[in-house]
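The residues making up each chain are set out below.
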Amino acid sequence: MIKFSDKQLRIPKLMRPVYLVTAGMSKFGRAFPETRTEELCIQAFTAASDFVGMTPAELKQYIHTCYYGHFADHFGDQLLGESVIHDRLGLDPLGNIGVKTGGATGGSAMWEAVKAVASGYSDCALALGWERMDEVPTDEGNHLISAAADKDWETPLGHMYTGYYAVMAQRYWKIFGKEEESFRKTMAEIAVKNRGYARMNPHAHGPMKITVEDVINSPIVAYPLRVLDCCLMSVGSACGIVCDEKTAYEITDNPLRIYIAAGSHTLRVADRRDMKVPLLPNEKQGQYDDLGKKFPGGNRYPGFTGFLAARVAAYYAYHMSGVVDPTEDLDVVELHDAFTISDIQTYEDIGIRPYGKGRDYIETGDAYVINPQTKKPGKLPSNPCGGLIGCMHAVGATGLMQIAEIGYHIWNRWDEIHEPEEKWKAFGREKPKDWTSLQVKGAKRGLAISHAGVGSHVTCTILMDPNKLIKED
Amino acid sequence: MPKTDEEKGFVDVVNGRYKPRGVFHIIEKNQPIFNKDSGKLAGVTNPRDMTYIHSYGGEAIFFESLGKGKLMATRCDNDKCEAKGSIFEPFRIYCPDCLRKATIVDITEKAQKMAKIHSFIITHRSGAFNTLPKPIKFINVEFDKEVVTILMSVLSVGEPEIGKRVVPIFRTKDPTYTIMDLMFVLEGTPESDLPEGFTY
Ligand SMILES: [Zn+2]
């Protein structure tokens, strides 16, 4: 569709408030050759029960239904992998279902869990995700990932997903980046920021202390993308538990309100037709009329330069939660930085900056925990966990890790998860001597974007301190 | 090692069903995986030789036409549909708006005269089972206003650049009946420079 009816644009309604009560995650790494997937899932679940001072057995008593995010069955050579994990978590005979929406799988699993609670079907639901891509040779792994593109029209072309994806980056780079050295530098700043933040995260798989030059000089994957512009491919698990109000306060004194919405767009980028830009609450009619003039070639929307799914997910979620301007109304975000350039595209899709101005979010320093220019707290820090570039991308777990991280900031317990010496030791990782807290001080509201590949699925999750809601129920 | 004809699997449709003939999987023994440092068992390999069947259905004519040097697309001709007149390439059996069966149209000439590079990427990497020479030059091809989509393909000869004119080429000798029978070259490429088996 390229025109949407009022019925389709109706703002989603949760029939009762839903709360995130706890979240947890495992260690993330490139490979866990001597660990079964269930061991990582149990690690994530146990972290969630520890977080609310319960044993896993105690926390399990509350759970009524389970939503599992696991994208790539064919990697694990195991259909119904969700049933394996469900059994190993000892949650039978509860109803459970697997969710698969590519890179957005974690967010989508949470989408399902929230709806189950909002509808009254369950008072407490578990969303748990994982991925493991280390159990096949790398080139076969590339082939398996390319099977997430159209099997007849795209996969035979190189069996390499990057090829189908990076054409979007190329177009954005030429049209909106104008191939400027300064834009290239801004892309690199994102990689430096996120890999640097990952250094403060014991769970993170790809921490690095690097410079803009290191990024610009790293090997080319598909020009303009270089190795250090790209996200990690990780193994690990993450989870979150959502409840109705009564159950939430039985589990914890500090549950967080959760809103979540989803959007989609064609699997093949090829099929994207032109349309009018759907506007977010902080945008005005006609504001994009001259986009093609300012950026020659940029008049095609969403074309190759915008992710309609992200825009639509944000549209629903902002209206649900009352967010008007994300930069003003939110305190911290975790975005799906699959590539430095797609991160910039997302700033525009979700209204942190208008279309064509995404780079400004980095260049002003707003996206940093501490603004490197003013040395004061950034206006809207992005990806303090390190994101997909620095922390992890274990597909089915990623969206849930992001939601957990936003939660830790609002709970003001980020340090407790990322600082303890014992955790660094247990994970076999060396805590940096210059470890610094990246807790966003006074964070009351945050957002997480979970995004699939070329933008086929996107979820937008908003968490708020229940005393700091924007919109009355 | 490529399989001999005796080791290959073929499929026909007979009496409305897929009927396989030949060899479909050669069994290979699994191997244990040991930790080289501790000497302990970590797991096993599970090698497997699989053949999938892809049903083309209403798209079959697109793939069959490539080997005949023709680029087929579809157009919505439904008077009651807002997308009326839109041409879809990739070929869509049904119009995505009205879900009426779209009309099959030949856009070979349009492609020869109008095709341009909308975006591209050059990659030196590929996945298992890739048969394209590297680096692979992925291109996205825009046609004219009537064609509302942007086809993904590969530039076989020449260096890609946004806006450059390209022309389709077809594997008319020994077609594979896959999307690999269609590629593009820069306008003006002499026929003698086309890859083996391809013609304009
Ligand atoms: Zn139609």
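Below you will find a few notes about this structure. In this text, all values refer to a predicted model and were calculated from it rather than measured experimentally. (Residues numbered from 1 in each chain as written. Chains lettered and ligands numbered in written order. Predicted model: local features only at pLDDT ≥ 70, side-chain atom pairs only at ≥ 80, totals over all residues. Heavy atoms only, no water.)

Residue and element names in this part refer to chain A. Ordered in space as S3-S2-S4-S7-S1-S8-S11-S10-S9, the nine strands form an open sheet in which the pairing is mixed. Every other strand in the sheet has two partners, leaving strand S3 (95-99) and strand S9 (332-334) as the edge strands with one partner each. Averaged over all neighbouring strand pairs, the angle between strand axes comes to 25 degrees, with direction disregarded. Here strand S1 (residues 19-25) runs beside strand S8 (residues 256-264); their pairing, made up of two bridges, is antiparallel. Its bridge partner lying in S8, Leu20 is registered against Leu256. Where helix H1 (residues 37-51) meets the sheet, its contacts fall on S1, strand S4 (124-131) and strand S7 (236-243), and the angle it forms with S1 comes to roughly 135 degrees. (Pairing = 2+ DSSP bridges. Helix = DSSP H or I, 4+ residues; strand = E, 2+ residues; numbered from the N terminus. Axes fitted to C-alpha atoms, helices over the stretch in contact; angles between N-to-C directions. Contact = heavy atoms within 4.5 Å.)

Below, the discussion takes up the nonpolar core. All names here are of chain A. One finds Met110, Val242, Leu447 and Ile462 to be the most contacted residues of the largest nonpolar core, which totals 158 residues. Considering each element in turn, this core owes the most residues, 11 residues, to helix H12 (residues 308-321). Sequence-distant contacts of Met110, defined by excluding residues within four places in its chain, comprise Leu20, Ala127, Gly240, Val242, Ile258, Ile260, Leu400 and Ile403. Of all hydrophobic cores here, the second largest spans 24 residues; its members include Val21, Phe45, Cys66 and Cys239. (Core = buried A, V, L, I, M, F, W, Y, C linked by side-chain atoms within 4.5 Å. Buried < 20%, exposed > 50% of the residue type's maximum accessible area, 1.4 Å probe, protein only.)

In this section: the interface of chain B and chain A. Counting residues at the interface gives 46 residues for chain B and 36 residues for chain A. In this assembly, chain B packs against chain A so that about 3,700 Å² is buried in total across both faces, 60% of it on carbon and sulfur atoms. Counting only elements with at least two residues in the side of chain B that touches chain A, the list comes to helix H1 (60-66), strand S8 (116-123), strand S9 (136-142) and strand S10 (151-157) of chain B. Grouping the constituent residues of the side of chain B that touches chain A by class yields 25 nonpolar, 14 polar and seven charged. (Buried area = accessible area lost by both parts, 1.4 Å probe. Nonpolar A, V, L, I, M, F, W, Y, C, P; charged D, E, K, R; others polar.)

A word on the coordination of the zinc ion. Residue and element names in this part refer to chain B. Listed as protein donors to the zinc ion are Cys76 (SG), Cys81 (SG), Cys95 (SG) and Cys98 (SG); their distances from the metal cover 2.3 to 2.4 Å. For the zinc ion, the four donor atoms are set out with angles of 103 to 113 degrees between them, so the coordination reads as tetrahedral. Donor residues for the zinc ion sit on one chain with the sequence pattern C-x4-C-x13-C-x2-C. With Cys81 in the loop between strand S5 (72-75) and strand S6 (87-88) and Cys98 in the loop between S6 and strand S7 (103-106), this residue pair connects regions lying 17 residues apart in the sequence. (Donors = N, O, S within 2.8 Å, 3.2 Å for Na, K, Ca; no water. Tetrahedral: all angles 85-135°; square planar, octahedral: opposite > 155°, others 65-115°.)

What follows deals with the pattern of salt bridges. Enumeration over the complete set of coordinates arrives at 48 salt bridges over all chains. The partner of Lys116 of chain B in a salt bridge is Glu142 of chain B, with the nearest N and O atoms 3.9 Å apart. Here Lys116 of chain B, found in strand S8, pairs with Glu142 of chain B, found in strand S9; they are 26 residues apart in sequence, far enough to count as distant. You can call Lys116 of chain B partly exposed: its relative accessible area is 32%. In this structure Glu142 of chain B comes out as buried when scored by relative accessible area, which is 18%. What you see here is one network of salt bridges that share partners, running through Arg36, Glu38, Asp87 and Arg88 of chain A. (Salt bridge = Lys/Arg side-chain N within 4 Å of Asp/Glu carboxyl O.)

Tracing the sequence through the fold places Asp139 of chain A in helix H6 (residues 138-146). Residue class for Asp139 of chain A comes out partly exposed when judged on its relative accessible area of 37%. With 17 residues separating them in the primary sequence, Asp139 of chain A and Ser122 of chain A have C-alpha atoms 42 Å apart. Not counting residues within four places of it along the chain, the set of residues in contact with Asp139 of chain A comprises Gly127 and Ala128 of chain B.

Further remarks concern the packing of aromatic side chains. Following the criterion strictly, the structure yields 22 aromatic pairs over all chains and no others. Geometrically, the ring pair formed by Tyr164 of chain A and Phe138 of chain B is edge-to-face, given 5.7 Å between the ring centres and 85 degrees between the ring planes. Here Tyr164 of chain A is found in helix H7 (residues 161-175), whereas its partner Phe138 of chain B is found in strand S9 on a different chain. Each member of the pair, Tyr164 of chain A as well as Phe138 of chain B, is classed as buried. When the ring of Tyr288 of chain A is compared with that of Tyr355 of chain A, the centres are 5.3 Å apart and the planes differ by 65 degrees; the resulting orientation is edge-to-face. (Phe/Tyr/Trp six-rings, centres within 6.5 Å; stacked < 30°, edge-to-face > 60°.)

All names here are of chain A. With eight of nine residues buried, S8 is to be regarded as a mostly interior element. Relative to strand S11 (residues 457-464), S8 runs antiparallel, the two sharing eight bridges. When the sheet's bridge partners are listed, Ala262 is paired in S11 with Thr459.

The next point concerns H6 of chain A. For H6 of chain A, the set of buried residues is Gly141, Asn142, His143, Leu144 and Ser146 of chain A. Lining the buried residues of H6 of chain A we find helix H3 (73-76) and H7 of chain A.

In this section: the pairing of strand S2 (residues 65-69) of chain A. Residues and elements named next belong to chain A. Most of S2 sits out of view: five of its five residues are buried. In S2, alternate side chains face the same way, and those of Thr65, Tyr67 and Gly69 on one face and Cys66 and Tyr68 on the other are all buried. As defined by bridge partners, S2 adjoins S3 across five bridges and the pair is classed as parallel. Bridged to Gly69 within S3 is Val99. For S2 and S4, the ladder comprises five bridges, and the chain directions are parallel. Considered in S4, the bridge of Gly69 is made with Gly129.

Looking now at the environment of Lys425 of chain A. All names here are of chain A. When you line up the elements, Lys425 lands in helix H19 (residues 421-426). Lys425 sits in the exposed class, given a relative accessible area of 64%. Separated by 345 residues in sequence, Lys425 and Leu80 have C-alpha atoms that sit 34 Å apart.

Here we take up the sheet that holds S6 of chain B. All names here are of chain B. The antiparallel open sheet is built from three strands, whose spatial order is S6-S5-S7. Looking at the sheet topology across the chains shown, the edges are occupied by S6 and S7. For S5 and S7, the ladder comprises four bridges, and the chain directions are antiparallel. The partner of Arg75 across the bridge, within S7, is Thr103.

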